[in-house]
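Spelled out from the first residue to the last, the chains are:
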Amino acid sequence: MNQALAAIRTVGMRDIIANARALIFDVDGTLAETEEVHRRAFNDAFAAAGLGWHWDRATYGRLLRVAGGKERIRAFDQRSVVPLLSFADVADLHRIKTARYAELIATGNCPLRPGVDAWLAGARSCGQRLAIATTTSHGNIDALLSVALGPDWASLFETIVAGDDVPRKKPAPDVYVEVLSRLALGPGDCIAIEDSGNGLMSASRAGIPVIISRSAYFSDDDWTGALRVVDDLSDIDY
């Protein structure tokens, strides 16, 4: 019986996905498991700046609740009795980190997560529109997807909205509201694919149904309100 119910759910989910006019993807943790690369890039930037900081997995996991790389640096710095960094210092440090992230990604050791290629191909074959709504920067998106999808990756997506394009980052709905505006679609016309509780809240606050593909750092988040929660997108046949 459990297998039969699972099969019914999967068929129903395929119909829901196929009826969406657009699929909107988050990037970090959703398209690829990038967070360990980000963590290494942060630590390399801290070493280059002579800060003596090191983010272990537990520390980084807590900081991921803060949306945005510059915001994480600032949040960590402000835990000190006397913060060390000015806003300009944070921006400079983040630029070093972003450059290091691009170097690490260029090695090709951060592939797309299982099922992502099939979903992108399926959407294109069905004439569905594709978009990106993410907290990360345009530079980080390009660094990842130019390796994972090739130099013409941007032509696959009708619009790409990053964290610095809007006033507020996730869990605020701003990136999704901006994507809907650019696509000229209603929230019910779309499905968002996310990996975190912050992403779920962001898309849900914009009224967009959400499928969760759990990632390494957010596997235990609260998924209340999601259409479906899977370990990765290969769990749903497109």
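Scroll up to find the structure this text is about.
Since we're looking at a predicted model, the values are computed, not measured.

Q: I'd like to hear about the overall build of the protein chain, residue by residue, with values.
A: When helices and strands are tallied, the protein chain shows 9 helices and 6 strands. Whereas a compact globule of 238 residues would reach a radius of gyration of roughly 18 Å, the protein chain reaches 18 Å, a difference of no more than 12%. Viewed in the frame of its principal axes, the protein chain has a C-alpha envelope of about 55 × 40 × 35 Å. A burial count over the protein chain gives 50% of its 238 residues as buried. For the protein chain, the proportion of contacts with a sequence separation of at least 24, taken over those separated by at least 6, is 65%. Counting every atom, the protein chain has about 10800 Å² of accessible surface; 52% of that belongs to carbon and sulfur. Averaging the positions of the 25 positive and the 31 negative side-chain charges in the protein chain gives two centres separated by 2 Å.

Q: How would you summarise the side chain of D28 if you had to cite specific residues and measurements?
A: Mapped onto the elements, D28 comes out in the loop between β1 (22-25) and α2 (35-48). Polar contacts involving the side chain of D28 include one to the side chain of T136, which spans 3.4 Å.

Q: Summarise helix α5 (residues 87-105); cite the residues concerned and give the values.
A: The periodicity of an α-helix, 3.6 residues per turn, causes residues three or four places apart in sequence to face the same way. In a regular helix each residue adds 1.5 Å, so 19 residues correspond to 27 Å; α5 covers 27 Å between its end C-alpha atoms and thus fits that length. Residues of α5 that are buried include every one of V90, L93, H94, K97, T98, Y101, L104 and I105, and no others. Each buried residue of α5 sits inside an arc of 145° when the element is viewed along its axis, so together they form one side. On its buried face, α5 is in contact with α2, α4 (69-77) and α7 (138-148).

What counts, and where the lines are drawn
Residues numbered from 1 in each chain as written. Predicted model: local features only at pLDDT ≥ 70, side-chain atom pairs only at ≥ 80, totals over all residues. Heavy atoms only, no water. Helix = DSSP H or I, 4+ residues; strand = E, 2+ residues; numbered from the N terminus. Rg over C-alpha atoms; globule rule 2.2 N^0.38 Å. Buried < 20%, exposed > 50% of the residue type's maximum accessible area, 1.4 Å probe, protein only. Contact = heavy atoms within 4.5 Å. Areas by Shrake-Rupley, 256 points an atom, 1.4 Å probe, with all protein chains shown as cover. Lys, Arg positive; Asp, Glu negative; His and termini not counted. Charge placed at Lys NZ, Arg CZ, Asp CG, Glu CD. Polar contact = N/O pair within 3.5 Å; in protein donor to acceptor, adjacent residues only side chain to side chain. Expected span 1.5 Å × (residues − 1). Arc of directions from axis to C-beta.

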